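Observations on the three-dimensional arrangement
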Amino acid sequence: MTRRAAGVLGALLLVVAWWLVGPAAGGGRAEEPGPLAAQGQITDRVDALSVRAQDVARALDALYDEHRLRLFVVYVQDFSGRSGQEWAEATANRNGLGANDVLLAVATQDRRYGYAADPGGRLSPGQLDDVARVAVEPALRENDWAGAAIGAAEGYGAVLAGRPVPEPVVTPGPPDPGADGTSGADLVLPVVLVAGAAALAAYGYVKRRRRTETRTTPHGGVQPPDFAELDARAGTALVAVDDAVRTSREELGFAVAQFGDEAARPFAEALAYAERELATAFRLRQQVDDGYPADEVTRRAMLEEIAARCADADRRLDEEAAAFDRLRDLERNAPDVLAAAETTPADLSGRVDTADAALVAMRRRYAESAAAPVSSAPEQARERLAFATDNLARAREALPPPPTAETPPGETGATEGGGPRAVPGPGTEGEAVSSAAGAADAVGEGPRGVGAGTGPGTGAVPGAAVAAVHVRAAEGALEQVARLVEAVDRRARELAEAAGKLPGALADAEADLAEAREALKGLPEGAAAVELRGRIARVESVTGDVRRAVDAERYDPVDALRRVEEADAALDEALDRERRDARRARAFLEQALLTARSAVGAADDYVTTHRGAVGSQARTRLAEARRRLAEAQEPEEAQEPEGESPGLGGALRAAQEAGALAREAQGIAEQDVRLHGAAAAGPGGAVLGGILLGGPLDDGARQRGETRAPGRYGGAGTRGRLGGGRF
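What comes next is a walk through the structure. (Residues numbered from 1 in each chain as written. Predicted model: local features only at pLDDT ≥ 70, side-chain atom pairs only at ≥ 80, totals over all residues. Heavy atoms only, no water.)

**Side note on the sheet that holds strand β2 (residues 70-76)**
Strand pairing within a sheet occurs via backbone hydrogen bonds; the two strands may be parallel or antiparallel. Our working rule: If DSSP finds at least two bridges between two strands, the strands pair. To qualify as a helix, a DSSP run of H or I must reach at least 4 residues; to qualify as a strand, a run of E must reach at least 2; elements of each kind are numbered from the N terminus. Convention adopted: a line fitted to C-alpha atoms gives each axis, helices being fitted over their contacting stretch, and angles between N-to-C directions are expressed from 0 to 180 degrees. We call two residues contacting when some pair of their heavy atoms lies within 4.5 Å.
One open sheet accounts for four strands, arranged β1-β2-β3-β4; its pairing is mixed. Edge positions in the sheet fall to β1 (42-44) and β4 (112-117), since each has one partner strand and no second. The sheet shows a mean angle of 10° between the axes of neighbouring strands, taken without regard to direction. Relative to strand β3 (residues 101-107), β2 is paired through seven bridges, and the arrangement is parallel. From the neighbouring strand, Phe-72 faces β3, where its bridge partner is Leu-103. Those strands touched by helix α5 (residues 145-160) are β2 and β3, and its axis lies near 160° from that of β2.

Structure, rendered in C-alpha cells:
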C-alpha cells in the first residue's frame, strides 16, 4: 500500500469513529442543507422509507416518464433551526435544481416539511400548495413518510394533466424513524468506508488499468440524458436567457439615460455578447426543429451546444450584475430615481388615450385583422400603467418625506421603531411586494442577494430597500406601457404606407397578368405551361379578392399587399427571366420588407409584453425571422439601375420567409398565452409581462408574506436579486 493510500485509510477510520461516537456525544446531528444523493432522487438520512423506498422510486419515475418533472425527496431529523421552506430552498440552490425540478424535504423529528420549485417552472404556487395540502400533509400527520412522497408525485402529475389532486392512501408508520441516535442509515456509511478502505490498494491498480479504457467514454462514463430530456433542457435554457437578455436590455436603457453611454459601456458590451450567444443558440434550435441534420448524434451535440451557449450568455450577464448595481445603486439613489419616474405616468396616460383613439379609427376604416396585432395594446397599457402608478405610490410611502419645517433634515419620518413607514397591505391591483418588511428582508438576504439593506453605513435612507423594489417594478411596467403605445402608432403608420403602395402593386400585377397570358399562348403544352397557368390563376384570384375588399372599404392593407406581392413575384419568376430588371426586383423587395417588418415588429412586441407565458418555440421562430429579415435588408441600399439583380432575388425570398416565420411565431405565442390562462397574468399583467418574476401569488401566499421580485439586469443567477423569494 502506498503512503497516499495509507493516509486515506487513516482518514477513513477517523471518519468512522466520529460517525459512531458523534451522535451519542452530541445528542444527534444538526442537518444543514447539503448535497443530495449521488444516485436517484431519494436522499433518506434517517431510514424513513425502509422497505417502501422502491415504491417511492417507482412513483418518482412515473412522474418523470409522463411529465418530464423530477421530484427529489429528502428525509432528515431536523432543519437545523431553519424553516422548512428555507431549508428546502437552500438545498435546491446548493444542488442546482432547475425549472423542471421540485424538492420535497421532510424533518421527521422536527415534524416539519418544506418544498422548493423554480418560479419559472410549470407548477404555479397555487398548484404546489394544493398538492401539499391534499396529498402530502395528510400522510405526514400519520407518519406515512413514503406516502407523502408518493402523494406529492401523484399530485404533481395530476395538476400537470389538468386533473384534481388525488387523496393519498395512508399507511401509518413510526413517529420518528431517526430517534434512536444510530439508525440503520447511520451504520451504512461506516460499513461502506471500511469496505472501501479494504479495497483501496486494489482500486489503485484497477484505476490505472481502466484509465486507458475509459478515456473516450462520453459524459465521463455516466449514462447521458435521453434526447427528450436534452431537448427540454435546451428549451428551458433558451427561455430563461431570452428573458434575461430582454430584462437586461430594458434596465440598461435606464442606466444609459441616467449616467450616459460611457458609464454603461461595460454592461452594453456584456449584453451584446449575451445577445450573440443567444442568437447562435436560437439558430441551432431552429435547425433542430427543421430536422436538420437527421442523425441523432449530431442533433444531441447541437442541443448540448445550445445549453452551453445559453450558460455562457447567462454567466456573462451575471458577472456584470454587481457592478451594474454599484452604478445604479437603486437604494442610495431611490429618492432621485423615484422623482424621475414619477414624471412619466402623466405623459404616458395621454399617449395611451391617443393610442386608444387610433385603434378605434383603425377598426372603423379597415378590416378587424388589420388592427388584430395591437387590439389589446391600449387595455394592457392601462393595466401596466396602473401597476406602475401604484408601485410608485408605494415607493413614496416607504421613503421618509422630504425635510420641512416640521421634519428638519435630521429626522426621517420613519416609524417609532426606526423602520420605514408601512407599505399598504396585500390585495391591491399593483402589488409588487407584499410588505415592507418582506421586501427589505428579500433584498438583504434573498438567494444570491446583491442589494444592501438600510442599516448604518449603507448610505441609503430608511425605507430605501423597499422603495427600490417598487421603483424597479414601476420602471419595467412603464417601459412596457411605452412599447405597447408605440406598437399602436407603428401599426397605424404601416397600414397607411401599405394602403399607399397597394394601388401600384395591383396595377403591376395586372400588367404582369396580361403579359403572362400572351406568353402562355406561345407555350407548347407541358410542365412549363401548366406551371405558368397555375401562377396566372393565383394572381387572378388574389387581385380579384383584394379589389373587392378595397371597393368594400373593409380590408387589411398590409395583408393585401403581402398577398399581391407574393403572387406577382411568383408569376414574375415564371416568366422569361431575361426581361426582369432591378427596378421590378426592388419594387417586390420593398413591398416584402414592409410586410415582413410589420410582422416581425408585431411578434416581437407580443413576445416582449407576454414573455411570462411564451415558450421556446415561438421565441425560436421569432429569432429566425429577425435573422432572415436582417439578411433581406443587406442589399436594400444597393444601386443597380439596369439589368438583373440576383442579390435582390435572394433578399426577396429572405423577406418573405421572415414574414412567414414572424406570423408563425405570433400564432404560437398567442396559443402559449391562452394555455397559460388569464388568472396567471399577475397584478396589472406584471407576471405575464415578465416585469415580476415567477408565477402569480394566490391569497394564501400573500397572507404568508411571500413576494415577487422585479427583474434586474443580469443572468438567471442574479436577475431576481431585488426582493422576493422562490414562491
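Read on, since the account is not over.
**Here we look at unusual backbone geometry**
In the Ramachandran plot, Asp-329 falls in the positive-phi region, its phi being about 45° despite a non-glycine side chain. Considering the arrangement of structural elements, one finds Asp-329 in the loop between α10 (296-328) and α11 (334-341). Of note, Glu-553 is a non-glycine position whose phi angle comes to about 60°, a positive value. Locating Glu-553 in the fold gives a position in the loop between α17 (527-551) and α18 (557-574).

**Concerning the packing of aromatic side chains**
Aromatic rings considered in pairs are described by the distance between their centres and by the relative angle of their planes. Applicable threshold: Aromatic rings from Phe, Tyr and Trp, with only the six-membered ring used for Trp, were paired whenever their centres fell within 6.5 Å, and each pair was classed as stacked if the ring planes differed by under 30 degrees, edge-to-face if by over 60, and tilted otherwise. Whether a residue is buried, partly exposed or exposed follows from its accessible area with a 1.4 Å probe, protein chains only, as a fraction of its type maximum: under 20%, in between, or over 50%, in that order.
In the structure shown here, the tally under the stated rule is six aromatic pairs. Ring centres 4.5 Å apart and planes at 10° place the aromatic pair Phe-324 and Tyr-713 in the stacked group. In this pair, Phe-324 is assigned in helix α10 and Tyr-713 in the segment after α22 (699-703), connecting sequence segments 389 residues apart. Both residues of the pair, Phe-324 and Tyr-713, belong to the buried class. Where Tyr-366 meets Tyr-555, the ring centres are 6.0 Å apart and the plane angle is 85°; that geometry is what we call edge-to-face. Of the two residues, Tyr-366 sits in the loop between α12 (344-365) and α13 (368-371) while Tyr-555 sits in the loop between α17 and α18, which places them 189 residues apart along the sequence. Using a relative accessible area of 14% as the deciding quantity, one classes Tyr-555 as buried.

**Description of the nonpolar core**
In plain terms, the rule: We define a nonpolar core as any set of buried Ala, Val, Leu, Ile, Met, Phe, Trp, Tyr and Cys residues linked to one another through side-chain atoms lying within 4.5 Å.
If you look at the biggest cluster of nonpolar residues, it comprises 66 residues, and the most contacted ones within it are Leu-502 and Val-564. Broken down by secondary-structure element, the contributors of at least two residues to this core are α11, α12, α13, α14 (377-398), α16 (464-521), α17 and α18. Setting aside residues no more than four positions away along its own chain, Val-564 makes contact with Leu-502, Ala-505, Leu-506, Ala-509, Val-542 and Val-546. Ranked by size, the runner-up nonpolar core spans 35 residues in total, among them Leu-49, Val-106, Ala-146 and Ala-148.

**Examining the packing of helix α2 (residues 53-67) against α5**
Definition in use: Note that the term roughly parallel is reserved for angles under 35 degrees, roughly antiparallel for angles over 145, roughly perpendicular for angles of 65 to 115, and oblique for everything else. Crossings are classed by handedness, with left-handed meaning an anticlockwise turn of the near helix from the far one by less than a right angle and right-handed meaning a clockwise turn. Amino acid classes used here: Ala, Val, Leu, Ile, Met, Phe, Trp, Tyr, Cys and Pro are nonpolar; Asp, Glu, Lys and Arg are charged; the rest, including Gly, are polar.
At a minimum axis distance of 9 Å, the contact between α2 and α5 shows a crossing angle of 15°. The orientation of α2 relative to α5 falls into the category roughly parallel. When the axes of α2 and α5 are compared, the crossing they make is left-handed. Here Asp-55, Val-56, Ala-59, Leu-60, Leu-63 and His-67 of α2 come into contact with α5, specifically with Ala-146, Ala-149, Ile-150, Ala-153, Tyr-156, Gly-157 and Leu-160. Per-class residue counts for the contact of α2 with α5 are 10 nonpolar, two polar and one charged.

**Thoughts on the side chain of Arg-246**
Put simply, the test is: In protein, a polar contact requires one atom able to donate a hydrogen and another able to accept it; more generally it is a pair of N or O atoms within 3.5 Å, and residues adjacent in sequence count only if both atoms are side-chain atoms.
The topology assignment puts Arg-246 in helix α8 (residues 227-259). Among the residues examined, Arg-246 registers a relative accessible area of 4% and is labelled buried. Polar side-chain contacts of Arg-246 include one of 2.4 Å to the side chain of Thr-608.

**Looking at the pairing of β2**
Applied cut-off: Handedness of a crossover: with both strands directed away from the viewer, a clockwise path from the first strand across the helix to the second marks it as right-handed.
Burial analysis of β2 places six of its seven residues in the buried class, which makes it a mostly covered element. Note on the crossover from β1 through α2 to β2: the handedness is left-handed. Crossover connection from β2 via helix α3 (residues 84-94) to parallel β3: handedness right-handed.

**Brief notes about the packing of α12 against α16**
Look at α12 against α16: their axes get within 9 Å of each other, and the N-to-C directions meet at 30°. Classified by the interaxial angle, the pair formed by α12 and α16 is roughly parallel. Judged by the sense of rotation from one axis to the other, the crossing of α12 with α16 is left-handed. Contacts between α12 and α16 involve Thr-344, Pro-345, Leu-348, Arg-351, Val-352, Ala-355, Ala-358, Leu-359 and Met-362 from the former and Leu-478, Val-481, Ala-482, Val-485, Glu-486, Val-488, Asp-489, Arg-491, Ala-492 and Leu-495 from the latter.

**Examining α2**
Quick reminder: α-helices carry 3.6 residues per turn. Residues three or four places apart thus point the same way. Worth spelling out the cut-off: An expected span of 1.5 Å times one less than the residue number is assigned to each helix. For this quantity, the arc is that covered by the directions from the helix axis to the C-beta atoms.
Relative to the 21 Å expected for 15 residues at 1.5 Å per residue, α2 spans 21 Å between its end C-alpha atoms, a close match to the ideal helical length. Looking only at α2, the buried set comprises Val-56, Ala-59, Leu-60, Leu-63, Tyr-64 and His-67. Summarising the axial view, the buried residues of α2 lie within an arc of 135°, below the 170-degree limit, and thus occupy one face. Facing away from the buried side of α2, by more than 90 degrees, are the exposed residues Gln-54, Arg-58, Asp-65 and Glu-66. In the core, the buried residues of α2 are packed alongside β1, β2, α5 and α8. Following α2 by one or two positions, Arg-68 adopts a phi angle in the positive range, close to 55°.

**Considering α11**
Those residues of α11 lying buried are Ala-334, Val-337, Leu-338 and Ala-341. Projected down its long axis, α11 shows its buried positions confined to an angular sector of 100°, all on one face. At its buried positions, α11 is contacted by α8, α10, α12, α14 and α16.

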